[in-house]
Amino acid sequence: FGWPMESTTTIAMLLDLVIKDYQLNGRSIDSIASNTKFWKALLGTKLAATVSGNNLKEMATQWMTVPQAIPGRKQPVLREAGTVNRRMAVLLRGYQLGLEADPPLVKKKPFWHALKENAPRSGFVNWPEFERLRANQPDWLQVPSTIGHWAGMRLEEVLSLPRTQVIFDHQAKEVTIDLRPGETKNGEPRFIILSGDPYDV
């Protein structure tokens, strides 16, 4: 009937399933965009059936032991376990969706054990230290660092905020940040109201 067969399914086809799944569920594809682009460039035309668990282990070992070039950075860096896990999760999600397709686009997915990640970062910068650090930043950087400090937001979250999600109430001297479903790390919406120092900045 012209349906794709397991023998013709490529990695790019599986990644397209992931993107469609995110869109269908109302989730932002920004969180997976870099990983889908990475896999398409690396293995996009490769047949999905030819990728094994051993291939994934070999790639992970290379990423974590051989410094990799990163756009925007002068020096190559090693990938951390968390980055590797996130990268693999996107690919494996594609295989899972391929298995669930009707008819199935793949017969199995590569075996992969998630790597042990470092403990989450802890601690905080106290107010005098933060004031000193911010005073030495250029003006354009003071806004995202202030939002991050007061709202506890990750840099990626702050830098990806559209202007329409930052609402000013000049009468109350407040600024509201409206994080919608699918735009936060855990997918839950957040509504943050800031006043005082962050409003002034």
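Located above this text is the structure these notes cover.
Position labels on residues start from 1 in each chain and follow its written sequence. Thresholds applied to this predicted model are a pLDDT of at least 70 for local features of residues and 80 or more for the giving and counting of side-chain atom pairs; totals over whole chains, interfaces and linings are not thresholded and use all residues. As a rule here, side-chain values cover all heavy atoms of the structure and leave hydrogens and water aside.

Let's talk about the pattern of salt bridges
Thought 1: Definition used for salt bridges: Asp or Glu carboxyl oxygen within 4 Å of a side-chain nitrogen of Lys or Arg. Scanning the model with the defined rule gives four salt bridges in all.
Thought 2: Among the ionic pairs, Asp-21 bridges to Arg-93, the shortest N-O distance being 3.2 Å. A residue pair is termed long-range when its members are at least 10 positions apart, and Asp-21 in helix α1 (residues 11–24) and Arg-93 in helix α4 (residues 81–100) qualify at 72 residues. Numbered from the N terminus, helices here are DSSP runs of H or I no shorter than four residues, and strands are runs of E no shorter than two.

A few points about helix α6 (residues 139–151)
Thought 1: Taking 1.5 Å of rise per residue, the 13 residues of α6 would be expected to cover 18 Å, and the 19 Å separating its terminal C-alpha atoms lies within 8% of that figure.
Thought 2: For the exposure calls, accessible area comes from a 1.4 Å probe over protein chains only, and a residue counts as buried if that area is under 20% of its type's maximum, exposed if over 50%, partly exposed in between. Among all positions in α6, only Gln-142, Pro-144, Ser-145, Thr-146, Ile-147, Gly-148 and Ala-151 are buried.
Thought 3: Here, two residues are considered to be in contact whenever any of their heavy atoms come within 4.5 Å of each other. The inward-facing, buried residues of α6 abut α5 (127–135), α7 (155–159), β2 (174–179), β3 (190–195) and α8 (197–200).
Thought 4: Immediately beyond the C-terminal end of α6, within one or two residues, lies Gly-152, with a positive phi of roughly 70 degrees. A helix is expected to span 1.5 Å for every residue after the first.

Re unusual backbone geometry
Thought 1: Looking along the chain, the bond that leaves Asp-102 and enters Pro-103 is cis, with omega of 5 degrees.
Thought 2: Note on placement: Pro-103 falls in the loop between α4 and α5.
Thought 3: The backbone of Lys-173 shows a phi angle near 55 degrees, a positive value even though the residue is not glycine.
Thought 4: Looking at where Lys-173 falls in the secondary structure, it is placed in the loop between β1 (166–169) and β2.
Thought 5: By relative accessible area, which is 52% here, Lys-173 ends up exposed.

Description of the packing of helix α3 (residues 53–65) against α4
Helices that pack against each other are described as a pair by the angle of their axes relative to one another and the distance between those axes.
Thought 1: Contact pair α3 / α4: the axes reach a minimum separation of 10 Å and the direction vectors enclose 150 degrees. Put simply, α3 runs roughly antiparallel to α4. For the element pair α3 and α4, the recorded crossing hand is right-handed. Across the interface between the two elements, Leu-56, Ala-60, Trp-63 and Met-64 of α3 pack against Ala-81, Val-84, Arg-87, Met-88, Leu-91 and Leu-92 of α4.
Thought 2: Throughout, the ten residues Ala, Val, Leu, Ile, Met, Phe, Trp, Tyr, Cys and Pro are labelled nonpolar, Asp, Glu, Lys and Arg are labelled charged, and all others, Gly among them, are labelled polar. Here the contact of α3 with α4 is composed, by residue class, of nine nonpolar, no polar and one charged. Convention adopted: a line fitted to C-alpha atoms gives each axis, helices being fitted over their contacting stretch, and angles between N-to-C directions are expressed from 0 to 180 degrees. For this classification, under 35 degrees means roughly parallel, over 145 means roughly antiparallel, 65 to 115 means roughly perpendicular, and everything else is oblique. It is the rotation of the near helix from the far one that decides the hand of a crossing: anticlockwise by less than a right angle makes it left-handed, clockwise makes it right-handed.

Taken by themselves, the reported measurements are silent on function.
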